[in-house]
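So you can see what is in the structure, the chains are spelled out below.
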Amino acid sequence: MNAEVTTAEAPAAAAAVADAPENDTAPAEERAAGHGAGAAPAPAPKETLLAVEDVSLAFGGVKALQNVSFDIAKGEIRAIIGPNGAGKTSMLNVINGFYHPQEGRIAFKGQLRRRMRPHFAAAQGIARTFQNVALFRGMTTLDNIMTGRALKMRRGILWQALHWGPARREELEHREFVEHVIDFLEIEHIRKTPVGRLPYGLQKRVELGRALAMEPDLLLLDEPMAGMNLEEKEDMSRFIIDVNEQFGTTIALIEHDMGVVMDLSDRVVVLDHGEKIADGTPEEVQADRRVIDAYLGVPND
Ligand SMILES: Nc1ncnc2c1ncn2[C@@H]1O[C@H](COP(=O)(O)OP(=O)(O)O)[C@@H](O)[C@H]1O
Ligand SMILES: [Mg+2]
């Protein structure tokens, strides 16, 4: 599991956190790490990319999240697991500004924020994929991935009209990056295919490509392997590890398959009925009594 991620490609992973000496813990991190109620501390203190503090979110009478605190360290793969209805998707929606929690705080790159809209999240470097594929079905793979790049294209139409040369150059640079993503995800053969015609597994990969085109610092993946067969799951697992290692992207991942979680993640936060019930390494969490009970208590998981 992690041994593969951290030893074989240590230089790449280390480069991503080069600014943060491994055994030098900043006060902010201690604060964030200290929130893990009853949870084991992180194996090695790293720079905190995102801190979730005492977040509560309710829809009418439904308490989707209750006083949830955890942090995501720069460069790690952080899994969020829990039975159906535990609040996992809601948590991602809070992180990227779709939902505004009634209580609590989110700090991203050390900056506290209270209210945020999804496009701010994207501009700040948070990208996501969805539990149900959300692509433009009539558009090609290439065009769908280009839409992920749109945010990076800061110049307006007028500027482009007045500066034809530089505008052209800028567009070429964006195309080049998108081609790099397509290459990386091994989807050259479907670059001109409308995504509505692709098998589900490939649609999920295109959606990952669109998120990668944003060059995010934090990538949120909501059940990236749901509905996939074994081979597709293995492919997706490999791409997630490669994204983490080669792009240096920090990843928060919701996943049901415990085998996948054990293989991929550095640390796991477990939600149940909107509450955090465990937080630690995959091994720690898997052996946790409350986690075992939560899973046994839900028949369809
Ligand atoms: N937009 C919403 N409106 C009303 N209730 C919601 C909404 N989103 C989620 N919920 C409720 O919040 C709880 C957590 O849902 P969700 O975050 O989707 O869980 P999970 O992703 O872990 O399955 C559920 O009870 C769900 O019905
Ligand atoms: Mg969900």
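What you see as residue numbers is a count from 1 along each chain, following the sequence as written. Chains and ligands are labelled by the order in which they are written, letters from A for the one and numbers from 1 for the other. Per-residue local features of the predicted model are confined to residues with pLDDT of at least 70, and side-chain atom pairs are confined, for both listing and counting, to 80 or more; whole-chain, interface and lining totals are unaffected and use all residues.

### Quick notes on the site of ligand 1
- Every residue close to ligand 1 is listed here: Phe59, Val62, Ala64, Gly82, Asn84, Gly85, Ala86, Gly87, Lys88, Thr89 and Ser90.
- Of all elements in the fold, only strand 2 (62-73) and helix 4 (88-95) reach the threshold of two or more residues within the shell around ligand 1.
- The element best represented in the shell around ligand 1 is helix 4, accounting for three residues.
- When the residues that make up the shell around ligand 1 are grouped by side-chain class, the tally is four nonpolar, six polar and one charged. For each residue, a C-beta atom is placed from the backbone, and the residue counts as near a molecule or strand when that atom lies within 6 Å of it. By the criteria applied, helices consist of DSSP H or I runs no shorter than four residues and strands consist of E runs no shorter than two, each listed in order from the N terminus. Classification used: nonpolar for Ala, Val, Leu, Ile, Met, Phe, Trp, Tyr, Cys and Pro, charged for Asp, Glu, Lys and Arg, polar for all others including Gly.

### Things to note about the environment of Ile240
- As for its position among the elements, Ile240 is in helix 10 (residues 230-247).
- Sequence separation of Ile240 and Ile77 is 163 residues, and the distance between their C-alpha atoms is 8.9 Å.
- Contacts are defined on C-beta atoms placed from the backbone: any two residues whose C-beta positions lie within 7 Å are in contact. If we ignore the near neighbours within four places in the chain, the residues touching Ile240 are Pro224, Ile251 and Leu264.

### Some words on the nonpolar core
- Of all hydrophobic cores here, the largest spans 68 residues; its most connected members are Ile80, Leu253 and Val270.
- Marked domain ranges trace back to an automatic or database domain assignment. Three or more residues apiece are contributed to this core by two domains, here domain 1 (1-125 + 219-301) and domain 2 (134-215).
- Apart from residues no more than four positions distant in its own chain, Ile80 is found in contact with Lys88, Met91, Ala252, Leu253, Ile254, Val269 and Leu271. Any set of buried Ala, Val, Leu, Ile, Met, Phe, Trp, Tyr and Cys residues joined through C-beta atoms within 7 Å is what this text calls a nonpolar core. Around each residue's C-beta, the other C-beta atoms within 10 Å are counted; 20 or more make the residue buried, 12 or fewer make it exposed, and counts in between make it partly exposed. All C-beta atoms are placed from the backbone.

### Details of the confidence of the model for the protein chain
- As a per-residue measure, pLDDT tells how confident the predictor is, with possible values from 0 to 100. Summary statistics for the protein chain give a mean pLDDT of 82 and a share of 78% for residues scoring 70 or more.
- Within the model, pLDDT remains below 50 along residues 1-38, and this stretch shows 43 contacts once partners closer than five positions in the same chain are excluded.

### Thoughts on the packing of helix 9 (residues 200-213) against helix 10
- Put simply, helix 9 and helix 10 touch, their axes get as near as 10 Å, and they point 10 degrees apart. Between helix 9 and helix 10, the interaxial angle falls into the category roughly parallel. Contacts from Gly201, Lys204, Leu208 and Leu212 of helix 9 reach helix 10 at Glu232, Met236, Phe239, Val243 and Phe247.
- Looking at the contact of helix 9 with helix 10 residue by residue, the class counts come to six nonpolar, one polar and two charged. Axes here refer to lines fitted to C-alpha atoms; in helices the fit is confined to the stretch in contact. Angles between the N-to-C directions go from 0 to 180 degrees. In what follows, roughly perpendicular refers to angles from 65 to 115 degrees, roughly parallel to angles under 35, roughly antiparallel to angles over 145, and oblique to any angle outside these ranges.

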